[in-house]
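Structural features, examined
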Amino acid sequence: MRSRLVAGVAAAVVLGLGPPTGSAWAAPTEIREMEAVGAIPLGDGPAARPPRDAALKRALSDAVLRVALDLLPDYDPMEAKVSLSDLLGNDPLAYATSFRILEDRGERPALFTEDPDVATEYVVVVMVHVDVNRVRRRLEMTGLLEPAGEARRVRVHLVIEDLASYADFAALQRLLVDDLGVRSALPVEMEPGRAVMEVDGDRRPDALLEAMLAAAPPTLEITPLATDRRTIVVRIHQIAAPAAAGGARGD
């Protein structure tokens, strides 16, 4: 007997499971093709469901999760109170329009399973078509993603190393607020030689750093040191403006 998962997916493939037509679905459907591996550890006891079906569901869930993470570049699982997998729910077919099994590798020595006590696992490789709009709407419902059309809000930690003076810090703060138009740029940590500023704006770290370098005046030297999904690390130094040429000299 075919499992409910496989039967449900078969219906999805046959019926298309595309969004209904009408004014409520004005946005064009965006489908992303994802190759995913599903691996289920095999133990000595009876499995709750056939291992092939469990591995298939794992692959579908992984593809959906990767699409969600692409939509949330600033998502930090260490800070989240609820895991992204829980927020997306337990039914990957709510987001996957169709799939195709590329390889049914069956039972193999454990490679993808992290538990060192697991000796074997069941593995399938699947090509999944994920409806990005459905994932986006779910993330909007949970509050992790702002609805389309609203201003995006991004908070970036800007770390300043080898800080020589508060005047240098203030110069960078003015650049962010006055020239780049961020909502705020407030110090959250300050110690001799180092400061951390929380920048509330609409640019991701790489884009914010690029804008800082482009807008910096000749008197403010910014040296990038590192960036990641939430943080920029820089070194800054103010340069004295050259004296005006042609000025009167006293004898």
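Whatever comes next refers back to the structure up there.
Rules of the game
Residues numbered from 1 in each chain as written. Predicted model: local features only at pLDDT ≥ 70, side-chain atom pairs only at ≥ 80, totals over all residues. Heavy atoms only, no water. Helix = DSSP H or I, 4+ residues; strand = E, 2+ residues; numbered from the N terminus. Contact = heavy atoms within 4.5 Å. Areas by Shrake-Rupley, 256 points an atom, 1.4 Å probe, with all protein chains shown as cover. Pairing = 2+ DSSP bridges. Axes fitted to C-alpha atoms, helices over the stretch in contact; angles between N-to-C directions. Buried < 20%, exposed > 50% of the residue type's maximum accessible area, 1.4 Å probe, protein only. Polar contact = N/O pair within 3.5 Å; in protein donor to acceptor, adjacent residues only side chain to side chain. 1 Å grid on protein atoms, 1.4 Å probe; cavity = no way out; pocket = protein on both sides within 12 Å on 5 of 7 lines; lining within 4 Å. Points joined across faces, edges and corners; volume = space filled by probe spheres on them. Nonpolar A, V, L, I, M, F, W, Y, C, P; charged D, E, K, R; others polar. Core = buried A, V, L, I, M, F, W, Y, C linked by side-chain atoms within 4.5 Å.

Some words on the overall build of the protein
- Counting its regular elements, the protein contains 6 helices and 8 strands.
- Ordered by position in the sequence, the α and β elements of the protein form the string α-β-α-α-β-β-α-β-α-β-β-α-β-β.
- If you take every contact in the protein between residues at least 6 apart in sequence, the share linking residues at least 24 apart comes to 67%.
- For the protein, the exposed area adds up to about 15000 Å²; of that, 53% sits on carbon and sulfur atoms.

Points about the sheet that holds strand β2 (residues 96-109)
- A sheet is described by the order of its strands in space; here 3 strands give the open sequence β1-β3-β2, paired in antiparallel fashion. Strands at the two margins of the open sheet, each flanked by one partner only, are β1 (31-42) and β2. Here the average twist between neighbouring strands, direction ignored, is 15 degrees.
- Alignment of β1 against strand β3 (residues 120-131), held across 12 bridges, turns out to be antiparallel. Looking at the pairing, Met34 lines up with Val128 of β3.
- Against the sheet, helix α2 (residues 51-71) engages β1, β2 and β3, with an angle of about 135 degrees to β1.
- Across the sheet, helix α4 (residues 132-142) is in contact with β1, β2 and β3; its angle to β3 comes to roughly 95 degrees.

Considerations on α4
- All of the buried residues along α4 are Val132, Asn133, Arg134, Val135 and Leu139.
- In this structure, the buried side of α4 is in contact with β1, α2, α3 (84-88), β2 and β3.
- Where α4 begins, one side-chain oxygen reaches toward the backbone nitrogen of Asn133, 3.0 Å away; that side chain belongs to Asp131.
- Where α4 terminates, the next one or two residues include Gly143, which has phi positive at roughly 90 degrees.

Examining the layout of surface pockets
- Looking at the largest pocket, its volume works out to about 730 Å³.
- Every residue lining the largest pocket is counted, 25 residues in all, and those nearest its centre are Leu72, Asp74, Tyr75, Leu144 and Arg153.
- When residues of the lining of the largest pocket are traced back to their parent elements, those giving at least two are α2 and β4 (154-161).
- In terms of residue count, β4 provides more of the lining of the largest pocket than any other element does, 4 residues in total.
- Split by residue class, the lining of the largest pocket holds 11 nonpolar, 2 polar and 12 charged.

Focus on the sheet that holds β4
- Read from one edge to the other, the open sheet built from 5 strands follows the order β5-β6-β4-β8-β7, with strand pairing classed as mixed. Of all the strands in the sheet, the pair left with one neighbour each is β5 (184-191) and β7 (220-227). The sheet shows a mean angle of 25 degrees between the axes of neighbouring strands, taken without regard to direction.
- Across 7 bridges, β7 lies against strand β8 (residues 231-238) in antiparallel orientation. The residue bridging Pro224 from the neighbouring strand is Val234, located in β8.
- Those strands touched by helix α5 (residues 166-179) are β4, β5, β6 (194-201), β7 and β8, and its axis lies near 160 degrees from that of β5.

Considerations on the environment of Asp115
- Mapped onto the fold, Asp115 is located in the loop between β2 and β3.
- Overall, the relative accessible area of 37% leaves Asp115 in the partly exposed class.
- For the pair Asp115 and Pro41, spaced 74 residues apart in sequence, the C-alpha separation works out to 8.6 Å.

Remarks on the nonpolar core
- Formed by 30 residues in total, the largest nonpolar core has its most connected members in Leu88, Val126, Val130, Val135 and Leu139.
- Those elements that provide at least two residues to this core are β1, α2, α3, β2, β3 and α4.
- If one sorts the elements of this core by residue count, α2 sits on top with 10 residues.
- Residues contacting Val126, with those up to four places away along its chain left out, are Met34, Glu35, Ala36, Leu56, Ala59, Leu60, Phe99, Arg100, Ile101 and Leu102.
- If you look at the next biggest cluster of nonpolar residues, it comprises 26 residues, including Val154, Ala185, Ala211 and Val234.

Here we look at the environment of Arg138
- Secondary-structure assignment places Arg138 in helix α4.
- Residue Arg138 is classed as partly exposed on the basis of its relative accessible area, which comes to 27%.
- Between the alpha carbons of Arg138 and Ala68 there is a distance of 9.4 Å; along the sequence they are 70 residues apart.
- Excluding its chain neighbours within four sequence positions, the residues that come into contact with Arg138 are Leu87, Leu88 and Tyr95.
- Within the local environment of Arg138, its side chain forms a polar contact with the backbone oxygen of Leu87, the two atoms lying 2.6 Å apart.

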